[in-house]
Amino acid sequence: MTDETPLRADAQLNRERILAAAEEVFLERGTGVSLDDVAKRAGVGIGTLYRRFPTREDLLAATYSARFLALAEASRARAVDLDPSSALRAYLEELVQYTNVYRGFAASLGTVLQIGTPGCLATSEEGARLLHTAQEAGAIRPDISFNDIVCVATAISLATEKDTSPQAHIAHLVGVFMNGIVLR
């Protein structure tokens, strides 16, 4: 996915139609929807969809890339004014909130973040940077990895994805996790 060869105009149009259709269908019905439904909504054949996006996770990563870029940018800007532990906590809360945009997305989060879209790379790099900074400051246990952060984000997302107003629940669960990894 990181190998972005320029597409012919018709192929680029199909790609854009697929991404727009995926956004609509995932928002309406969640990520478990049939990819045939996405292709039909886009007005393309299923082969065209799979040529551009070989797996559901590839499609999710491409659809989410702009959101993840925004998350990473907001986190970098916010981190300047926060201590390392608070910056990591804010990142984790926001990652969970972003993950809950599409129902069912949480189960694919770890795989999606490894796809390699600009947004996936930026979000992963930012999370790893914040964790490393907090560990270097002696604020977070050294045995915690970015994969641990992703696992916790996945678990919290799954626990809160059906909440009608999840912000308080997300903040509480992130607090429980952070209390477990903070060095005192």
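Calculation criteria
- Residues numbered from 1 in each chain as written.
- Predicted model: local features only at pLDDT ≥ 70, side-chain atom pairs only at ≥ 80, totals over all residues.
- Heavy atoms only, no water.
- Helix = DSSP H or I, 4+ residues; strand = E, 2+ residues; numbered from the N terminus.
- Rg over C-alpha atoms; globule rule 2.2 N^0.38 Å.
- Buried < 20%, exposed > 50% of the residue type's maximum accessible area, 1.4 Å probe, protein only.
- Contact = heavy atoms within 4.5 Å.
- Areas by Shrake-Rupley, 256 points an atom, 1.4 Å probe, with all protein chains shown as cover.
- Lys, Arg positive; Asp, Glu negative; His and termini not counted.
- Charge placed at Lys NZ, Arg CZ, Asp CG, Glu CD.
- Phe/Tyr/Trp six-rings, centres within 6.5 Å; stacked < 30°, edge-to-face > 60°.
- Lys NZ or Arg CZ within 6 Å of the ring centre and 35° of its normal.
- Arc of directions from axis to C-beta.
- Polar contact = N/O pair within 3.5 Å; in protein donor to acceptor, adjacent residues only side chain to side chain.
- Axes fitted to C-alpha atoms, helices over the stretch in contact; angles between N-to-C directions.
- Left-handed = near helix turned anticlockwise from the far one by under 90°.
- Nonpolar A, V, L, I, M, F, W, Y, C, P; charged D, E, K, R; others polar.
- Core = buried A, V, L, I, M, F, W, Y, C linked by side-chain atoms within 4.5 Å.

1. Regarding the overall build of the protein chain
Helices and strands together make up the secondary structure of the protein chain, namely nine helices and zero strands. Scaling as 2.2 N^0.38, a compact globule of 184 residues should have a C-alpha radius of gyration of about 16 Å, and the protein chain matches this with 18 Å. Its C-alpha atoms give the protein chain principal-axis dimensions of about 55 × 35 × 25 Å. The 184 residues of the protein chain split such that 46% are buried. Taking all contacts inside the protein chain whose residues are at least 6 apart in sequence as the whole, residues at least 24 apart take part in 70%. On the protein chain, roughly 9000 Å² of surface is accessible, and the fraction owed to carbon and sulfur atoms is 53%. Between the averaged position of the 18 positive side-chain charges in the protein chain and that of its 23 negative side-chain charges there is a distance of 5 Å.

2. Regarding the packing of aromatic side chains
Inspection of every chain in the model, using the stated rule, returns six aromatic pairs. Across from the ring centre of Tyr64, 5.1 Å away, lies the NZ or CZ of Arg67, which sits over that ring.

3. Section: helix α2 (residues 35–42)
The complete set of buried residues in α2 reads Leu35, Val38, Ala39 and Ala42. Projection of α2 onto a plane perpendicular to its axis shows the buried side chains occupying an angular sector of 95°, all on one side. Among the structural elements, α1 (9–29), α3 (46–52) and α4 (56–79) are those in contact with the buried residues of α2. One side-chain oxygen of the residue at the start of α2 lies 3.0 Å from the amide nitrogen of Asp36, identifying that residue as Ser34.

4. Focus on the environment of Ala9
Inspection of the secondary structure assignment puts Ala9 in helix α1. Ala9 sits in the exposed class, given a relative accessible area of 68%. In this structure, the C-alpha to C-alpha distance between Ala9 and Leu183, residues 174 residues apart in sequence, is 54 Å.

5. With respect to the environment of Gln135
Within the element layout of this structure, Gln135 appears in helix α7 (residues 118–136). For Gln135, a relative accessible area of 21% corresponds to the partly exposed category. Gln135 sits 74 residues away from Ala61 along the chain, and the two C-alpha atoms are 28 Å apart. The residues contacting Gln135, other than those within four sequence positions of it, are Ile140, Arg141, Pro142, Asp143 and Ile144. A polar contact of 2.9 Å, which involves the side chain of Gln135, links it to the backbone oxygen of Arg141. A polar atom in the side chain of Gln135 sits 2.8 Å from the backbone oxygen of Ile144.

6. Describing the side chain of Glu93
By secondary structure assignment, the location of Glu93 is in helix α5 (residues 84–99). If sequence neighbours within four positions are ignored, Glu93 has contacts with Ile170, Ala171 and Val174.

7. Focus on the packing of helix α8 (residues 146–160) against helix α9 (residues 167–181)
Between two packed helices, what matters for the description is the angle formed by their axes and the separation of those axes. Two elements in contact, α8 and α9, have axes whose closest approach is 10 Å; the angle formed by their N-to-C orientations is 145°. As for how α8 packs across α9, the hand of that crossing is right-handed. Across the interface between the two elements, Ile149, Val152, Ile156, Ala159 and Thr160 from α8 touch His169, Ile170, Leu173, Val174 and Phe177 from α9. Along the lines of polarity and charge, the residues of the contact of α8 with α9 split into eight nonpolar, two polar and no charged.

8. Quick word on the nonpolar core
In terms of nonpolar packing, the biggest core is built from 53 residues, with Val38, Leu59, Phe68, Leu88, Ile140 and Ile149 touching the most fellow members. Listed by contribution, the elements that provide at least two residues to this core are α1, α2, α4, α5, α6 (109–112), α7, α8 and α9. Take this core: its biggest share by element is eight residues, from α4.

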